[in-house]
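Spelled out from the first residue to the last, the chains are:
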Amino acid sequence: MSEKTRVAVLGASGRMGATTCAAVESAEDLELAARVGRGDDVTTSVRESGVQVAVDFSVPDATEANVHALIDAGVHAVVGTTGWTAASRGRVAEHLAEANAGREQPLGVLIAPNFGLSAVLVMRFAAQAARYFESAEIVELHHPDKVDAPSGTARHTAAAIAAARADAGLGPMPDATASGHDARGADVDGVRVHAVRLRGLVAHEEVLLGNPGEQLVIRQDSFDRVSFMPGVLLAVRRVPSRPGLTVGLEHVLDLG
Ligand SMILES: NC(=O)C1=CN([C@@H]2O[C@H](COP(=O)(O)OP(=O)(O)OC[C@H]3O[C@@H](n4cnc5c(N)ncnc54)[C@H](OP(=O)(O)O)[C@@H]3O)[C@@H](O)[C@H]2O)C=CC1
Ligand SMILES: O=C(O)C1=N[C@H](C(=O)O)C[C@H](O)C1
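Residues numbered from 1 in each chain as written. Chains lettered and ligands numbered in written order. Predicted model: local features only at pLDDT ≥ 70, side-chain atom pairs only at ≥ 80, totals over all residues.

Asker: Just checking my understanding: could you explain helix α1 (residues 15-26) for this structure?
Answerer: Every α-helical turn comprises 3.6 residues, leaving residues that sit three or four positions apart pointing alike. An ideal rise of 1.5 Å per residue puts 16 Å on 12 residues; α1 measures up with 17 Å between its terminal C-alpha atoms. Burial in α1 covers these residues: M16, G17, T20, C21, A23 and V24. What you see down the axis of α1 is that its buried residues fit within an arc of 165°, all on one side. Residues E25 and S26 are exposed on α1 and point more than 90 degrees away from its buried face. Buried residues belonging to α1 abut β1 (5-10), β2 (30-36), β3 (53-56) and α7 (229-238). (Helix = DSSP H or I, 4+ residues; strand = E, 2+ residues; numbered from the N terminus. Expected span 1.5 Å × (residues − 1). Buried ≥ 20, exposed ≤ 12 C-beta atoms within 10 Å, placed from the backbone. Arc of directions from axis to C-beta. Contact = placed C-beta atoms within 7 Å.)

So, in structure tokens, the structure goes:
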């Protein structure tokens, strides 16, 4: 039997971290080697436990520093935490390029705004549909303990819709709003995003696309955090053979 991959979970006592620890523990080919939380030294934790792949479900303020520490420690990273920007992703790509120069087994970092298959497919379908509709808006709905808004998934969806519209030569969406702009949601790359926070919800997204006389609604619901686990485990297994930075689970699912 081949050796198990040794995995660390950062943010291990959080909602996603705890679910990920349980998923890793039940996977026959993986071993949970370290649980890392706020205040723990990432480098020491992963080095002392011989970790090969780390999963980060911490907080937006900490995730970039965690990833740089993992690269310095020679550990592959799978990142689900939100808060990433083009600039922070660029710094990670640069750090990886430097670290991988001369490494026999180059390191990989995979950042995914959403590991749920239904969410990955919503993003893909929305990007496909966007070129055919005058209007597109996003409603993301989450549990009220979420610290960031709009969600990372909604930001990624908006960026994909905006890119598809630009490719198709579509201009700004029709909107005659002259007052009460706050009620129109956030403007993410020219796409309006509305964030609902409601007790009882987990993670949900709806993309509304409109044309004269018709509407397309694309919706996904994560009712339970276990919905993210097949995607997380797939990323853990694949990241060692994806050197450099990968953004989005779609690339691992061959949808990229
Ligand atoms: N990509 C995806 O599919 C998904 C992504 N997410 C994202 O994952 C992130 C975590 O979500 P969730 O689990 O709900 O949040 P939680 O608040 O439940 O968990 C975050 C955990 O991170 C810990 N933490 C804080 N600082 C650090 C640090 N420097 N290093 C390591 N751990 C730290 C916190 O500890 P303490 O409590 O002591 O502060 C807490 O235990 C969010 O950004 C969320 O949007 C969520 C679901 C799916
Ligand atoms: O905080 C959450 O819960 C989630 N965060 C991610 C996001 O912001 O997109 C993924 C999913 O929506 C759940």
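Asker: Help me understand the UniProt feature "binding site: NADP(+)" (unreviewed entry) in the protein in this model?
Answerer: Here the UniProt-annotated "binding site: NADP(+)" (unreviewed entry) positions come out as R38. Inspection of the secondary structure puts R38 in the loop between β2 and α2 (42-48). (UniProt positions renumbered as here; feature names shortened; annotations may be inferred.)

Asker: I would appreciate a short explanation of the UniProt feature "binding site: (S)-2,3,4,5-tetrahydrodipicolinate" (unreviewed entry) in the protein in the present structure.
Answerer: According to UniProt, the feature "binding site: (S)-2,3,4,5-tetrahydrodipicolinate" (unreviewed entry) maps to H143, G152 and T153 in the numbering used here. Positionally, H143 belongs in the loop between β6 (135-142) and α6 (152-167). According to the C-beta neighbour criterion, H143 is partly exposed, with 14 such atoms within 10 Å. Apart from residues no more than four positions distant in its own chain, H143 is found in contact with L201 and V202. Within the secondary structure, T153 sits in helix α6.

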